[in-house]
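Listed below are the residues making up each chain.
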Amino acid sequence: MVMSKKKKINRRQFVKKASTAVAGAGVIAAGSGTGLSLLSNSASAAGHDVRKDILKIPGVGKGSPTDSDWQKVGAMCLGPTKSRVSKGEFKGVELTFMGLNNQNLHNFLFRGFLKPWEKYTGAKIKWIDLAQADYNARLQQSIATGTVDFDILEMGAPFEGDVCGKGLASEMPGWVKDQIDMDDYVGYLKAPVGTWDGKTYRISIDGDCHNFNYRADYFKDSGLASAWVAEGHKGMWGVPRTWQQVQEVSKFLKGKKDPTFGGDAYGYLDPCKGWGGFGFYFLASRATAYAKHPDDPAWLFDADTMKPRVNNPAWVRAIQDVIDVLPSQPPNQLNADPGTTAFQQFLAGTGSMVSWWGDVGSMSKTSDGSVVGDVVGFDILPGSDDVYNSKTGRWDTLSSGPNFAPNMAYIGWGVYVMARVDGNSKKRKAAWSAAAHIGGKDISLWASAYPSGFQPYRNSHFNIDEWVGAGYDKAFIKSYLESEANSYNHPNAAIEPRIPGIFQYYSVAEDELSKIFAGKHSAQSGADNIAAAWEKLTDQIGRKKQLQLYRASLGLS
Amino acid sequence: MSINYVGTDHIPGQRRTLGKSIILISSVLLALFFLIQFLYKSDSITFGFDNWRPILYMYLIWSVALCYGLLLIKGERGQRVLFVLPAFLFTIAMVIFPLIFSVYISLHDWNLSAFEGQKFSGLDNFKALLGDEYYWNSMLNMVYYLLAILVEYAIAFGLALLLNAQIVARKFFRVAFLLPLMLSPVAVSWMIGKSLMEYRFGPAATLARQLGWETPAFFSTTEIARISMMILDAWTFIPFMMIMLLAGLQALSKEVNEAAKIDGATGWQHFWKITFPLMLPVSITTTVIRIIFKLKMADIVINVTSGGPGGATDTVTSFIFREYRDRSNVGYGTMMAVVYLIIIIILMTLLLKLLNRWMQKVT
């Protein structure tokens, strides 16, 4: 009953509540969290009105934006283009844009954003829309067969090795850097991300990291708190801060009842089923705190030999953690992929902790499928009491406390211009102008605040006032944005290697992990199998070049 | 009535020479284009085409020239050849050439991300396949899945007998039983595998709970997941077997049935001694077609379990799909597909021969 009542909270009702809360609060304070204190007031005085105005289109809680809304936003954000391109300057230029059509977002937004740009500049854009599942294969085929038939490409940073590393992308002109205000990017999206051999290729339009989503009601529940003490657990009952605590809490919750919805209580939710390579990110999120040492930028491969670290004690410990906690997880967990853990379990009221991209936070209050909007909390990924030092082969306990290493999974979407436009200066300028328009500072704020498929990724996106002004609940948005900002700006963030074929490595690992979780291999022997398969893959792709690109992606010479 | 045979004697020599010349010139041009492109792509010469498309165009021109040349040379007999030749040339282009090309690709180490592109590797992919536990695991799974056809056949036969009898709403049931076959396997995956069999709220799980299974999870252990997958696939394809068998039952001679009744045969004797033997040819055809369908099983597995847990539900096709789509491993993926094709051809040939011999003995 409670569930059905909760389920009926929709976006409109949420905004009403949020508005009431804001009115009650009276004052909207500037960001005061650790991660946000540095980030407020980033909007320029001149840009402020535009930002405020676009956030009213259509207004949070007033239904999903439509094509006309996207066009309006695109038109209102044309200022930077107009200052660099004269009207009709690109007449006769035709560009081809390849991107995704996930959930009718991505390219659908870009079409709307770019219509006013096309009208103003005179250029025409042709579109290649791809489903997520077809994207990797289409891109790889284009690269391998030398049939790059697009001028602008929406692409994730992990593919930079395949594209930029092979000289297929166009170097970003200096004026684009000024137009999009690259200094506004959060720390981890700055170079080396988006660069190869010192050259910049990418306009970021998204930021990606895994954060920690938890059910606050579990950790405020007095019954569970009493049981925790009664069962002799150390410390107070509260939100776990380390993976060791996550393990303990997950095992403790077995056999207990969900404090809000009354069903079986569960702790952390592990996705044990493959997801086209994307499932590996979730083991990585468990492993980074163990494997990413603050003194070493590498955590997945050795930076000197390209030898996989996936079978070192840190990774094996993360795999073993999953094995240990599986009996405490929902009965069908072996067949749960990340989509299941986030949307069918956590948001639907099953389980109390999950790692995911920002989608869980952005959907928890706005999706009809979510029942946890009022009881959800956010943090960076848990840390670990000790961290494995690959250089010494020992576990270090840091004097600063637990080791935190947020997983910058996927590093977000970006827009790239292909090298094939370089021979035509007019076309090159047109392509970069179009890319700069959709990657602009103001337009990106709108994309972060409304359904777009993109997370916040600029320092200026973390000005809570702007979000509250658009209709978001302050406490909620503060918690959500802090978890994102503190992950992005973490000094020990684990940056994903941008090497060719990275998803092939992940896909192979998924198959082996499935066997480990099904009990066919031990954590160590399964991890050894993954490492062996990765070594083979590295040799197949080309070890020398792979190592060179890996080092470049880590910012090493 | 007499059949007029049209020979080639009446065709002028000049015309025949022209026909032969057209065929010869077009053949030489095709061979030349192919050779140039091959040498260019293997870096032996410096001129050639950017891609192989001109060779395809040349093949089309050659095909037209061949047909026209034969017409000039053979006259009316050439016209008769034209009834078959275009289809043959089309088959070469669309079936035989891709098959040969697949074998060629399978002999290469070709990962789409590899810096050096494709490299000839001889039988390395085959050797790797022999030691690939994932491939042989999925092959073993295929044996389990194929054995399930026996159960499917028994159920389908029972349903066909039922629908062949004079039951109420017979037409309704015939259509109703056919519905699963009309559904896309992807829809079946979501409707049944991910909704009805959902472990918390799915009706199948609720029913299982009421029957005493405390924590019903249909894809949580290797054995249960494999059986669940068999049930999902059977639910889709039993109607196909049923409709084939029903058609066979309806074609049986009524006189034989009536004679058996007059002779006092019991229901079981009637089925086992008369209906079943008479239905053997239909049964074999149905089962063989079903085996071919089963060998291609992939979509349900990909959607519901991705081959898990631990490879328990993997099929050869779903594994090949992962190797291609997720790992861009074109050379190895093609080798797996080629080997699978050869195994299927050998097995099906043996099966048909054995069945043929058995049928001859029985009849």
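Each value, and the rule that gives it
Residues numbered from 1 in each chain as written. Chains lettered and ligands numbered in written order. Predicted model: local features only at pLDDT ≥ 70, side-chain atom pairs only at ≥ 80, totals over all residues. Helix = DSSP H or I, 4+ residues; strand = E, 2+ residues; numbered from the N terminus. Rg over C-alpha atoms; globule rule 2.2 N^0.38 Å. Buried ≥ 20, exposed ≤ 12 C-beta atoms within 10 Å, placed from the backbone. Contact = placed C-beta atoms within 7 Å. Pairing = 2+ DSSP bridges. Axes fitted to C-alpha atoms, helices over the stretch in contact; angles between N-to-C directions. Core = buried A, V, L, I, M, F, W, Y, C linked by C-beta atoms within 7 Å. Parallel < 35°, antiparallel > 145°, perpendicular 65-115°, else oblique. Left-handed = near helix turned anticlockwise from the far one by under 90°. Nonpolar A, V, L, I, M, F, W, Y, C, P; charged D, E, K, R; others polar. Domains from an automatic or database assignment. pLDDT = per-residue confidence, 0-100.

Novice: I would appreciate a short explanation of the overall build of chain A in the present structure.
Specialist: For chain A, the helix and strand inventory stands at 23 helices and 14 strands. For chain A, whose C-alpha radius of gyration is 23 Å, the value lies close to the compact-globule estimate of 24 Å for 557 residues. Counting every position in chain A, which comprises 557 residues, the buried fraction comes to 58%. Of all intrachain contacts in chain A linking residues separated by at least 6 positions in sequence, the fraction that spans at least 24 positions is 78%.

Novice: I'm lost on unusual backbone geometry in this one. Help?
Specialist: Backbone phi values are negative for most residues with the exception of glycine, while trans is the configuration of most peptide bonds. Look at the link from A:I57 to A:P58: it is a cis peptide, with omega at -10°. Checked against the element boundaries, A:P58 lands in the loop between α3 (45-54) and α4 (67-76). Put simply, B:G308 and B:P309 share a cis peptide bond, and its omega is -5°. In this structure, B:P309 sits in the loop between α13 (299-304) and α14 (316-326). Even without being glycine, A:D181 reaches a positive phi, approximately 55°.

Novice: Which parts of the structure should I look at to understand the sheet that holds strand β3 (residues 152-156) of chain A?
Specialist: Within a beta sheet, neighbouring strands are joined by backbone hydrogen bonds and run either parallel or antiparallel to one another. All names here are of chain A. Strands sit in the order β2-β1-β3-β13-β6 across an open sheet of five strands; the sheet is mixed. If you trace the sheet from one side to the other, it starts and ends with β2 (124-130) and β6 (202-204), each paired once. Neighbouring strand axes in the sheet, compared pairwise and without regard to direction, differ in orientation by 25° on average. Where strand β1 (residues 94-100) meets β2, seven bridges bridge the pair, whose relative direction is parallel. Across the sheet, G99 pairs through a bridge with D129, a residue of β2. Sitting on the sheet, helix α6 (residues 107-121) is in contact with β1 and β2, with an inclination near 180° to β2. On top of the sheet, helix α17 (residues 425-438) reaches β1, β2, β3, β6 and β13 (413-417); it is set at about 165° to β13, its chief contact.

Novice: Just to check I follow, could you spell out the sheet that holds strand β9 (residues 376-379) of chain A for this structure?
Specialist: Residues and elements named next belong to chain A. One open sheet holds the three strands; their spatial order is β8-β7-β9, and the pairing between them is antiparallel. At either end of the open sheet lies a strand with only one pairing partner, and these are β8 (353-356) and β9. The sheet shows a mean angle of 25° between the axes of neighbouring strands, taken without regard to direction. Pairing analysis gives four bridges linking strand β7 (residues 211-215) to β9, with the strands arranged antiparallel. What sits directly across from R215, in β9, is V376.

Novice: I keep staring at the nonpolar core and nothing clicks. Help me out?
Specialist: Grouped burial of nonpolar side chains is what soluble globular proteins tend to show. A:I152 and A:A435 are the most contacted members of the largest nonpolar core, which has 210 residues in total. With 11 residues, the top contributor of residues to this core is helix α10 (residues 222-251) of chain B. Discounting residues that sit within four places of it in the chain, A:I152 has contacts with A:L95, A:F97, A:V415, A:V417, A:A431, A:A434 and A:A435. Membership of the second largest hydrophobic core comes to seven residues, among which are B:I22, B:W62, B:L66 and B:L70.

Novice: What should I look at first to understand the packing of α4(A) against α6(A) in this one?
Specialist: When two helices pack together, their arrangement is given by the angle between the helix axes and by the axis-to-axis distance. All names here are of chain A. Where α4 meets α6, the closest approach of the two axes is 7 Å, and the angle between their N-to-C directions is 45°. When the axes of α4 and α6 are compared, the pair comes out oblique. The way α4 lies across α6 gives a crossing that is right-handed. Between α4 and α6, the contacting residues are D67, W70, Q71, V73, G74 and A75 on the first element and L109, G112, F113, L114, K115, P116 and W117 on the second.

Novice: Explain the interface of chain A and chain B here, please?
Specialist: Think of interface size as the accessible area that goes away when the parts come together; that is how it is often given. Listed as interface residues are 31 residues of chain A and, on the opposing side, 28 residues of chain B. Secondary-structure elements contributing two or more residues to the side of chain A that touches chain B are α7 (132-145), α21 (502-517) and α22 (523-541) of chain A. At eight residues, the largest contribution of residues to the side of chain A that touches chain B is made by α21(A). Class assignment for the residues of the side of chain A that touches chain B results in 11 nonpolar, 14 polar and six charged.

Novice: Help me understand the domain arrangement of chain A, please; the structure alone is not making it clear to me.
Specialist: Residues and elements named next belong to chain A. What the domain assignment reports for chain A is domain 1 (30-36 + 43-205 + 412-481) and domain 2 (211-408 + 496-553). Just the C-alpha atoms count here: the centres of domain 1 and domain 2 sit 30 Å apart. Counting from both sides, the interface comprises 16 residues of domain 1 and, opposite them, 17 residues of domain 2. Mapped by element, the contributors of at least two residues to the side of domain 1 that touches domain 2 are α7, α8 (160-163) and α20 (474-488). Looking at the side of domain 1 that touches domain 2 residue by residue, the class counts come to eight nonpolar, five polar and three charged.

Novice: I'm lost on the environment of B:R226 in this one. Help?
Specialist: All names here are of chain B. Relative to the helices and strands, R226 resides in helix α10. A C-alpha to C-alpha distance of 9.5 Å links R226 and G307, two positions 81 residues apart in sequence. Leave out the neighbours within four places in its chain, and R226 touches N141, Y144, A312 and T313.

Novice: Looking at this structure, I do not really get the domain arrangement of chain B. What am I missing?
Specialist: Residue and element names in this part refer to chain B. The domains assigned to chain B are domain 1 (13-122) and domain 2 (128-362). The distance between the C-alpha centroids of domain 1 and domain 2 comes to 41 Å. Elements with a minimum of two residues in the side of domain 1 that touches domain 2: α4 (85-106) and β1 (108-109). With four residues, the top contributor of residues to the side of domain 1 that touches domain 2 is α4. The residue makeup of the side of domain 1 that touches domain 2, split by class, is four nonpolar, seven polar and one charged.

Novice: Which parts of the structure should I look at to understand the pairing of β3(A)?
Specialist: Each regular strand carries side chains that alternate between the two faces of the sheet. Residue and element names in this part refer to chain A. The element β3 is largely enclosed, with a buried count of five among its five residues. Burial along β3 is two-sided: I152, E154 and G156 facing one way and L153 and M155 facing the other are all buried. Where β1 lies against β3, two bridges are found, and the strand directions are parallel. Bridge assignment links M98 to a residue of β3, and that residue is L153. Here five bridges tie β3 to β13, and the two strands are oriented antiparallel to one another. Bridge pairing links L153 to Y416 in β13.

Novice: Can you walk me through the confidence of the model for chain A in this structure?
Specialist: Detailed conclusions should not be drawn from predicted coordinates in areas where pLDDT is low. Residues with a pLDDT of 70 or more make up 90% of chain A, whose mean pLDDT is 87. Counted against residues more than four places away or in other chains, residues 1-47 of chain A, with its pLDDT under 50, gives 72 contacts.

Novice: Whenever I open this one, the packing of helix α7 (residues 170-182) of chain B against α10(B) confuses me. Can you help?
Specialist: Residues and elements named next belong to chain B. Look at α7 against α10: their axes get within 7 Å of each other, and the N-to-C directions meet at 125°. Here α7 is positioned oblique relative to α10, judged by the angle of their axes. Viewed along their axes, α7 and α10 form a crossing whose handedness is left-handed. Contacts from F177, L178, P180 and L181 of α7 reach α10 at W235, T236, F237, P239, F240, M242 and I243. Of the residues assigned to the contact of α7 with α10, the class counts are 10 nonpolar, one polar and no charged.

Novice: What is the right way to look at the environment of A:W237 in this model?
Specialist: Residue and element names in this part refer to chain A. Checked against the element boundaries, W237 lands in the loop between α11 (222-230) and α12 (243-253). Among the residues examined, W237 registers 19 C-beta atoms within 10 Å and is labelled partly exposed. Remark: the alpha-carbon pair of W237 and K545, spanning 308 residues in sequence, is separated by 50 Å. Apart from residues no more than four positions distant in its own chain, W237 is found in contact with F219, L224, A225 and W228.

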